[in-house]
Amino acid sequence: MKFSEALALRTCRRNMARSATLAVLTGILALVIFGGSEMLLGLQGGLIQFQQRLGADVIVLPKAAEGAGSLEGVLVQGIPAQFYMEEHYLSDLRSMAGVAHATPQFFLASAHAGCCSAAVQLIGFDPASDQTIQPWIRESYGGTVGYGDILVGSGISVPADGMLTFYDLPCRVVGRLTPTGTGMDTAVYTNMETIRAMMANAAKRGFDVFQGVPTEDAISAVMIRTADGFSPEGVAEAVNAAYPALTARPAHGMVHAVEQGLGGILEMIGGLVIVVWGIAVIVLGIAFHLSARERRREYLMLRIAGAARGFLTRMMLTEAALASAAGAAAGVALGALIILPFAGLMKAGLMRPYILPDGGTILLLAVSTLLMATLSGMLAAAWTVGRVCTAPVSTLLREDG
């Protein structure tokens, strides 16, 4: 270790109060940078996962679901909903020009009653034609989803025996799906036969939620993949024109709507990070300047003793780096302790797609924040360091009085 660095370390130890003040300021900066960046990455990752999980070009719903934003509520916020149309629409849509593939989905909200283990969104799919849910299922479950088998989202609690009951139908939990950061994490998924049985039992119990559509002939949505040469917008317009009782929209339109909702949040977080960074650099600069004024006699003695300007520069920048690095490390650690354990609460509070970044990304973010905050502290000290190291000894003598 060079003498300038050893002297800087000794000075920091000897003046703990001053070093701690500088470290606290840098720690606040690191906390805001780390926390804000983690939230930005989580929201962006959730949006990407949401787009991937839709798995369709066009989504067709009954007209009753159009105005309330029901599908966004189910998929993004995890709000249980149920809306139905007759199954013959599925055959009609499959025969339309521009439709390469169509598969049904079923939405049934479980009840706050003894017939159900929990009040969640139940989503049914047709294994023979589904191309939206099954690719996601295969990421965590390689078996066949049989009658009475269910898969649960990452946010669903499962009892030790692995059994849940919905509308008096005992179901085996055969897998837990990977997180998406959306309302899909709080839903239960099953095949057509199982969801039909649940719907029939719900009707028998008097839950009149099927809006006059027979349960054996009810579906909730049709997910469409468009054929080559056809745009999702064109197919959606054709469906809306041909079937007044239905509403069709391109899937990327839903993603865009969610993205627009995120825009204000992302801008607010990004703006907060920039503002705090600017304020922190200014305050740190003032703090370093005041500290240097208190120590001008020390710097004067070093200059008179023959200390080179490079020696003083290294010593003062090392002091700034040590105090800033200590504060940045504490700020990152505090941010991790505050943010990481409460990611689920953050997602619920934001009511937007949010998924916690993986460990490697968080580690890279922590290291980047540490370096950025440390360099910011050194940058804030640069003006004071330059002034002290370049000023003639006569000037320092006059300032010292």
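Scoring rules and cut-offs
Along each chain, residue indices are assigned from 1 in the same order as the chain's sequence is written. Per-residue local features of the predicted model are confined to residues with pLDDT of at least 70, and side-chain atom pairs are confined, for both listing and counting, to 80 or more; whole-chain, interface and lining totals are unaffected and use all residues. Only hydrogens and water are removed before side-chain values are computed, so all heavy atoms of the structure are retained for them. Elements are defined by DSSP. Helices are runs of H or I of four residues or more, strands are runs of E of two residues or more, and each kind is numbered from the N terminus. Residue contacts follow a heavy-atom distance rule, with two residues in contact if any of their heavy atoms lie within 4.5 Å. Residue exposure ignores everything except the shown protein chains as possible cover, and the areas themselves are Shrake-Rupley values with a 1.4 Å probe. Only protein chains enter the calculation, and the probe is 1.4 Å; a residue is then buried if its accessible area is under 20% of its type maximum, exposed if over 50%, and partly exposed in between. Aromatic contacts are taken between Phe, Tyr and Trp rings whose centres are within 6.5 Å, Trp giving its six-membered ring; a plane angle under 30 degrees counts as stacked, one over 60 as edge-to-face, and the others as tilted. Take the number of residues in a helix, subtract one, and multiply by 1.5 Å to get its expected span. The term polar contact refers here to a pair of N or O atoms within 3.5 Å; inside protein, the definition further demands a hydrogen-donor-capable atom paired with an acceptor-capable atom, and it admits residues adjacent in sequence only when both atoms are side-chain atoms. The pairing criterion is simple: DSSP has to find at least two bridges between the two strands. Angles shown run from 0 to 180 degrees and are taken between the N-to-C directions of axes, each axis being a line fitted to C-alpha atoms and, for helices, limited to the stretch in contact. Any carboxyl oxygen of Asp or Glu that lies within 4 Å of a side-chain nitrogen of Lys or Arg is treated as forming a salt bridge with it.

### So, the overall build of the protein chain
And then number 1: Scanning the protein chain from N- to C-terminus turns up 13 helices and eleven strands.
And then number 2: Here the analysis covers contacts within the protein chain between residues at least 6 apart in sequence; of these, 78% occur between residues at least 24 apart.
And then number 3: Only carbon and sulfur atoms are counted for the fraction: they give 63% of the accessible area of the protein chain, which is about 18,200 Å².

### Remarks on the side chain of threonine 374
And then number 1: Looking at the element boundaries, threonine 374 is found in helix 12 (residues 359-390).
And then number 2: Those residues within four positions of threonine 374 in sequence are excluded, and the remaining contacts are Ala321, Ser324, Ala325 and Ala328.

### Overview of the environment of glycine 155
And then number 1: Secondary-structure assignment places glycine 155 in the loop between strand 5 (149-152) and strand 6 (163-166).
And then number 2: Owing to a relative accessible area of 48%, glycine 155 belongs among the partly exposed residues under this scheme.
And then number 3: The spacing of glycine 155 and alanine 187 is 32 residues in sequence and 8.1 Å in space, taken between C-alpha atoms.
And then number 4: When sequence neighbours within four positions are dropped, the list of residues in contact with glycine 155 reads Arg176 and Asp185.

### A word on the packing of aromatic side chains
And then number 1: Applying the stated rule across the entire model yields four aromatic pairs.
And then number 2: Taking the centre distance of 5.0 Å and the plane angle of 45° together, the rings of tyrosine 84 and phenylalanine 210 count as tilted. In this pair, tyrosine 84 sits in the loop between helix 3 (70-77) and strand 2 (85-86) while phenylalanine 210 sits in the loop between helix 6 (192-204) and strand 9 (218-219), placing the two residues 126 residues apart along the sequence.
And then number 3: When the centroid spacing of 5.4 Å and the interplanar angle of 70° are considered together, the rings of tyrosine 167 and phenylalanine 207 count as edge-to-face. Of the two residues, tyrosine 167 sits in the loop between strand 6 and strand 7 (169-176) while phenylalanine 207 sits in the loop between helix 6 and strand 9, which places them 40 residues apart along the sequence.

### Notes on helix 6
And then number 1: With 13 residues, helix 6 extends 18 Å from end C-alpha to end C-alpha; this agrees with the ideal 18 Å at 1.5 Å per step.
And then number 2: For helix 6, the complete set of buried residues consists of Met192, Thr194, Ile195, Arg196, Ala197, Met198, Met199, Asn201 and Ala202.
And then number 3: Backbone geometry just after helix 6 places glycine 206 at a positive phi near 90°.

### As for the side chain of serine 376
And then number 1: Its place among the elements puts serine 376 in helix 12.
And then number 2: Here the side chain of serine 376 touches methionine 372 through a polar contact of 2.7 Å, landing on its backbone oxygen.
And then number 3: Ignoring anything within four residues of it in the chain, the contact list for serine 376 reads Leu29, Trp277 and Val281.

### As for unusual backbone geometry
And then number 1: A positive phi is found at tyrosine 167, a non-glycine position, where the angle reads about 50°.
And then number 2: Exposure remark for tyrosine 167: the relative accessible area of 3% places this residue in the buried category.
And then number 3: The phi dihedral of aspartate 168 falls on the positive side, at around 65°, and the residue is not glycine.
And then number 4: Topologically, aspartate 168 is positioned in the loop between strand 6 and strand 7.

### A closer look at the sheet that holds strand 4 (residues 121-125)
And then number 1: With mixed pairing, nine strands are arranged side by side in an open sheet as 6-7-5-8-4-3-10-1-11. Either end of the sheet is taken by a strand with one partner, and the two such strands are strand 6 and strand 11 (246-250). Neighbour to neighbour, the strand axes of the sheet diverge by 30° on average, direction disregarded.
And then number 2: Pairing geometry for strand 3 (residues 99-109) and strand 10 (residues 221-226), over six bridges, is antiparallel. Looking at strand 10, one finds that glutamine 105 is bridged to alanine 221.
And then number 3: With respect to the sheet, helix 6 is in contact with strand 3, strand 4, strand 5, strand 6, strand 7 and strand 8 (187-191), its orientation differing from that of strand 3 by roughly 40°.
And then number 4: The strands touched by helix 7 (residues 232-242) are strand 1 (58-62), strand 3, strand 10 and strand 11; relative to strand 11, the strand with the most contacts, the crossing angle is about 175°.

### Concerning the pattern of salt bridges
If the charged atoms of two oppositely charged side chains come close together, the side chains can form a pair.
And then number 1: Using the criterion set out here, one finds three salt bridges in the structure.
And then number 2: We note a salt bridge from aspartate 149 to arginine 172, for which the minimum N-O separation is 2.7 Å. Here aspartate 149, found in strand 5, pairs with arginine 172, found in strand 7; they are 23 residues apart in sequence, far enough to count as distant.
And then number 3: Among the residues examined, aspartate 149 registers a relative accessible area of 8% and is labelled buried.
And then number 4: For aspartate 168, the salt bridge identified is with arginine 205, shortest N-O distance 2.6 Å. With aspartate 168 in the loop between strand 6 and strand 7 and arginine 205 in the loop between helix 6 and strand 9, this pair connects stretches of sequence that are 37 residues apart.

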